[in-house]
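Listed here are the chains, written in short residue letters.
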Amino acid sequence: MGRCDFKMSENCGKKKPELLAPAGTLLSLIAGIENGADAIYMGAAKFNARAYAGNFLDEELEIGIDFAHAFGKKVYITLNTLFRDDELEEVAALLNELYQMGADAIIIQDFGFLNLLQKIQPDVSHPIQIHASTQMTVHNSYHAAFLKEKGISRIVPARENNIAELSAIKETGVEVETFIHGALCICYSGQCQFSGAVGGRSGNRGQCAQPCRKKYMLVVDGKAVTTDGKYLISPRDLNASDDLFRLIEAGVDSFKIEGRMKKPEYVAGVVSVYRKLIDRYAAAHENDPSRKNENLKTKSVGPTLDEREILKKLFNRDFTSGYFVKNPKNELMSRKLPYNKGFLIGKITDVDPKRAQISVQLAAALSSQDGISIGDLGKETDGVEDPRQGFVVKKMYVSRKMVSEASPGDTVNILAPVLFEGENNRYMPKAGDSVYKTFDFNLQRNIQKTLPEIPIEDIRLQIESLTLKNKTTDEKDDAIAEFIEKLTPQNPVQIPVRMKCFVCPGFALEISAADKEGNEIKIESDYIVQPAIKNPFSKESAVDMLSKLGPSVYAVLSADAEVIDDCFVPVGVFKETRNKALRALLAARIRKSKPNLKETLLALNETKSVPSQNQISHSLALSISVYTKESVAAALAGGADRIYVGGDVFIDPLTKEKYGLTLSDFKELIAELNASDLEKIYWKMPFVTKEEDFDDLYPTFSTLSELGISGILASNPGVYHFVRTKFGEKFRIATDSAFNIFNSEAAELFLDGGVSSVALSPELSIRNISALSEHLFEKRSEAGELECVVFGRQRLMVTEHPLLEMLLNENKGMKIPKSQKKTGSDIFRYALKDSKDFVFPVLTDSKNRSFIFNSKELNVFDLLPKLKNAGITAFRIDGIGHTEDEILELAARYKKEIERLQNDGKMSGQNESYAGINNKSDNESENEESSDGSQYTRGNFIRGVY
């Protein structure tokens, strides 16, 4: 008997959360649905954050959506990257295709796309829901409230949120979807610039090269420090199975499994475990709805030992419970191996090179055809490959008898010629070595039963043979319904149906099929029922043939037959008509999820407004971020038009010395500043603004207003929304780079929302910036002030993991002298050094978060004319790591050039230089040294990112 979907009782105290599975291929989609997923998220061939997943071609995408809808499941399409202006038209066209296919929701990152969606999606019968990706870095309720105002119905908050913070986000009225299992980013998702900065492959464009999975060395004051493992910023995989009941109690709406780049077997296995956990919790509440949380902390609703082992066997990089309950600190990290380590099953007790075999004392079961790896996880290798030696068990013996299964406690002799032959073996085994199972044959065999027997290559060939593009909508739905029936595994999820037939001589055979959702189909045969000469067709025979379908995607709940008089119907005709009725019902289920054929989304060119004839341009401005009281005066003396003060305050983890400006520090400067100076000051908000931080913001902003400060640099949309809702127009707001403004639509969204200046994404090239500003002028009479950083140390990562504290705790005995008062680049005493000897400074803020900066300082002094011509009107220097004297000289030099550009567009001081600022060629400028001895970089201004 097939498996019918479990339905939660109406009396259950909590809403049953959705289980959301990943799909990188059609086979993975089927795996998720067959093993209990309520919804699937997947990507089209372009424009999603997993460019290296299998992803879906056009016809596969439609079939995947139809397959899910046939079984009553939802489909969410990932369009969660940043888009250039020249891509928006194509993205809008793709969205319209997804709309016609009946996609239930899209998952987005780009604020520009969000702005565009409000223009191109009119009132329609099946509107696509808009979900905010975790790439939007939603980590407070004010950000969530802002997104809700803009049409977002569901948010995937940052993984760094705890349960209380998730609850606060949910209280805004949006649905909350959270990751519960799979790979983690060490950085706040959507804010990682590492991959784009070092190799041009942007994580915000789906091209992440995973620099977090590389080897690094901790460097303190230029000296290497020993660490336990070399993969210093490689996190474990999330496993929230123990905290699932807490998340359900918090009202989380959807549990999301990461893994669009994983195999179908992984998807199937992980989904099946979490399906059981959710259903077990639901059953406990159905049996006793009044049970309290404390009573739910039992083995009856938590994962069993077998379920824990299944999750480890599927993929084990070690697990972390994440940030749901507390900061996991070192329990977050997998520093010895950045990929699957397998499942520990025993130790080698003896090695026999002559027989090419090893003896293993088993702590867990082992089967023939299992894959195992042997060796030291911490062994040094030249690259990032697994230091162990792996192979498939072909022959094994217990007590000299060949066996296919061995149990815990057995000592098993395994033939392993690969360990002893050839020059490619990386590891010579020895007694005491650990043995890990990396492939469980029996588990994989059981999982295969839930998958179609057709290989993925054959599935794609059959899809091509359907020639869907040449069919009408009804023909297409019928063809897809027939194809879905072919993809039936051995034990499929089934659609409950009710069957009826009417049999009467002289009339066509009528068979109807109906489902629980109200769909009903009646099919008449071409055959006319004949009077019976002998052995008349009976009601019992009809009911039997209606009920017994064999392996099928349908589960017959009831069957009824009305047979008039003695009549004759060939068995083949009856079954063919029955099958047509079922297939037509399947097609009806598919069709019901699609929009009215007359409805369509607006094309991008239909949304364009008429350009204003009276466009306003901004004068050029110099802005500077400063971190000390002395630097404020230096920036003013150098001619800065805007000074960003405040923001993150950094603390030396060993000496506890502070670097940065607090509000108390700034108050001490007020007496030295006149009204004109105060007009130039913008109070900068910390990069991360958690829920608890907003309790202090109202008094902070009230104090700033009293001090005469009217400018705010908003670090994230939550801060922007807070200022707008609490203080109205009282403050001028500039947005920081964390907003990821990548196109004119995103800039328009915030400029129309009252922002005076927007900082563009550091991943835009000059060509991209030019297109952005040109399109922005087409939309607005005033393009608005566009800002970019032209000099300074680029932030690559921000993580809640206390990296330095954890690594330095391993070296408590090391002697590091207390430094003098930090000035200039002295603050960069801690760093990560990669295999190419690039050194990436690391700072710790007052909340113990870790900030990783680029190994090279940005310097595009000679590109100022091109940036000005591209539409940039505010040029920012980030003064982190620079002394007040350096700030003064930087400000004066940049101000002089900006004024010259404002007046006549020509560069001045062609023979002048400062601390490596130069006007040399691209290649030459890359080799110039900054004040701290590192090389300069032009960032992505010339090359852009993929």
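Not measured: the values here are computed from a predicted model. (Residues numbered from 1 in each chain as written. Predicted model: local features only at pLDDT ≥ 70, side-chain atom pairs only at ≥ 80, totals over all residues. Heavy atoms only, no water.)

**Here's the deal with the overall build of the chain**
Line of reasoning, step 1. Summing up its helical and strand segments, the chain has 27 helices and 43 strands in all.
Line of reasoning, step 2. Taken over 946 residues, the chain has a buried fraction of 60%.
Line of reasoning, step 3. For the chain, the share of sequence-separated contacts (at least 6 apart) that also reach a separation of at least 24 residues comes to 73%.
Line of reasoning, step 4. Per element, the accessible surface of the chain, about 38300 Å² overall, is 48% carbon and sulfur. (Helix = DSSP H or I, 4+ residues; strand = E, 2+ residues; numbered from the N terminus. Buried < 20%, exposed > 50% of the residue type's maximum accessible area, 1.4 Å probe, protein only. Contact = heavy atoms within 4.5 Å. Areas by Shrake-Rupley, 256 points an atom, 1.4 Å probe, with all protein chains shown as cover.)

**Topic: the pairing of strand S12 (residues 254-257)**
Line of reasoning, step 1. Where burial is concerned, the two faces of S12 agree: the one with Ser-254 and Lys-256 and the one with Phe-255 and Ile-257 are both buried.
Line of reasoning, step 2. As paired elements, strand S2 (residues 18-23) and S12 share three bridges and run parallel to each other. The residue bridging Leu-19 from the neighbouring strand is Phe-255, located in S12. (Pairing = 2+ DSSP bridges.)

**Some details on the packing of aromatic side chains**
Line of reasoning, step 1. The final tally for this structure, using the stated rule, is 31 aromatic pairs.
Line of reasoning, step 2. Plain terms: the ring middles of Phe-739 and Phe-750 are 5.0 Å apart, the flat faces sit at 85 degrees to each other, and that makes the pair edge-to-face. Here Phe-739, found in the loop between strand S36 (732-735) and helix H22 (744-752), pairs with Phe-750, found in helix H22; they are 11 residues apart in sequence, far enough to count as distant.
Line of reasoning, step 3. Through successive ring pairs, a cluster of aromatic residues spans Tyr-142, Phe-694, Tyr-698, Phe-701, Phe-722, Phe-727 and Phe-731.
Line of reasoning, step 4. Its guanidinium or amino end placed over the ring of Tyr-436, Arg-388 lies 5.0 Å from that ring's centre, counting from NZ or CZ. (Phe/Tyr/Trp six-rings, centres within 6.5 Å; stacked < 30°, edge-to-face > 60°. Lys NZ or Arg CZ within 6 Å of the ring centre and 35° of its normal.)

**Some details on the side chain of Asn-161**
Line of reasoning, step 1. With respect to the secondary-structure elements, Asn-161 resides in the loop between strand S7 (154-155) and helix H6 (163-170).
Line of reasoning, step 2. Among residues more than four places away in sequence, those in contact with Asn-161 are Val-138, His-139, Leu-166, Ile-169, Tyr-323, Phe-324 and Lys-690.

**Notes on the environment of Phe-113**
Line of reasoning, step 1. Among the secondary structure elements, Phe-113 is positioned in helix H4 (residues 111-120).
Line of reasoning, step 2. Along the chain, Phe-113 and Leu-749 lie 636 residues apart, while their C-alpha atoms are 9.9 Å from each other.
Line of reasoning, step 3. Ignoring sequence-local partners within four residues, the contact set of Phe-113 consists of Leu-79, Phe-83, Val-91, Leu-95, Ile-106 and Ile-108.

**With respect to the packing of H22 against helix H23 (residues 766-779)**
Line of reasoning, step 1. Between H22 and H23, the least distance of the axes is 8 Å, while the angle of their chain directions is 50 degrees. Looking at the two axes, H22 sits oblique to H23. The crossing of H22 and H23 is right-handed. Counted together, Ser-744, Glu-745, Ala-747, Glu-748 and Leu-751 of H22 and Leu-772, His-775, Leu-776 and Lys-779 of H23 form the full contact between these two elements.
Line of reasoning, step 2. Looking at the contact of H22 with H23, its residues break down into four nonpolar, two polar and three charged. (Axes fitted to C-alpha atoms, helices over the stretch in contact; angles between N-to-C directions. Parallel < 35°, antiparallel > 145°, perpendicular 65-115°, else oblique. Left-handed = near helix turned anticlockwise from the far one by under 90°. Nonpolar A, V, L, I, M, F, W, Y, C, P; charged D, E, K, R; others polar.)

**Structural notes on the state of the cysteines**
Line of reasoning, step 1. What the rule picks out here adds up to zero disulfides.
Line of reasoning, step 2. Sulfur of Cys-208: no disulfide; nearest cysteine sulfur belongs to Cys-192 and is 5.9 Å away. (Disulfide = S-S within 2.5 Å.)

**Comments concerning unusual backbone geometry**
Trans is the prevailing form of peptide bonds, just as negative phi is the prevailing case for residues other than glycine.
Line of reasoning, step 1. Of note, the phi angle at Thr-467 is positive, near 45 degrees, even though the residue is not glycine.
Line of reasoning, step 2. Take Thr-467: it is sitting in the loop between helix H13 (456-465) and helix H14 (473-486).
Line of reasoning, step 3. Positioned with a positive phi, Asn-848 is a non-glycine residue whose angle comes to about 70 degrees.
Line of reasoning, step 4. Here Asn-848 is to be found in the loop between strand S40 (839-844) and strand S41 (850-859).

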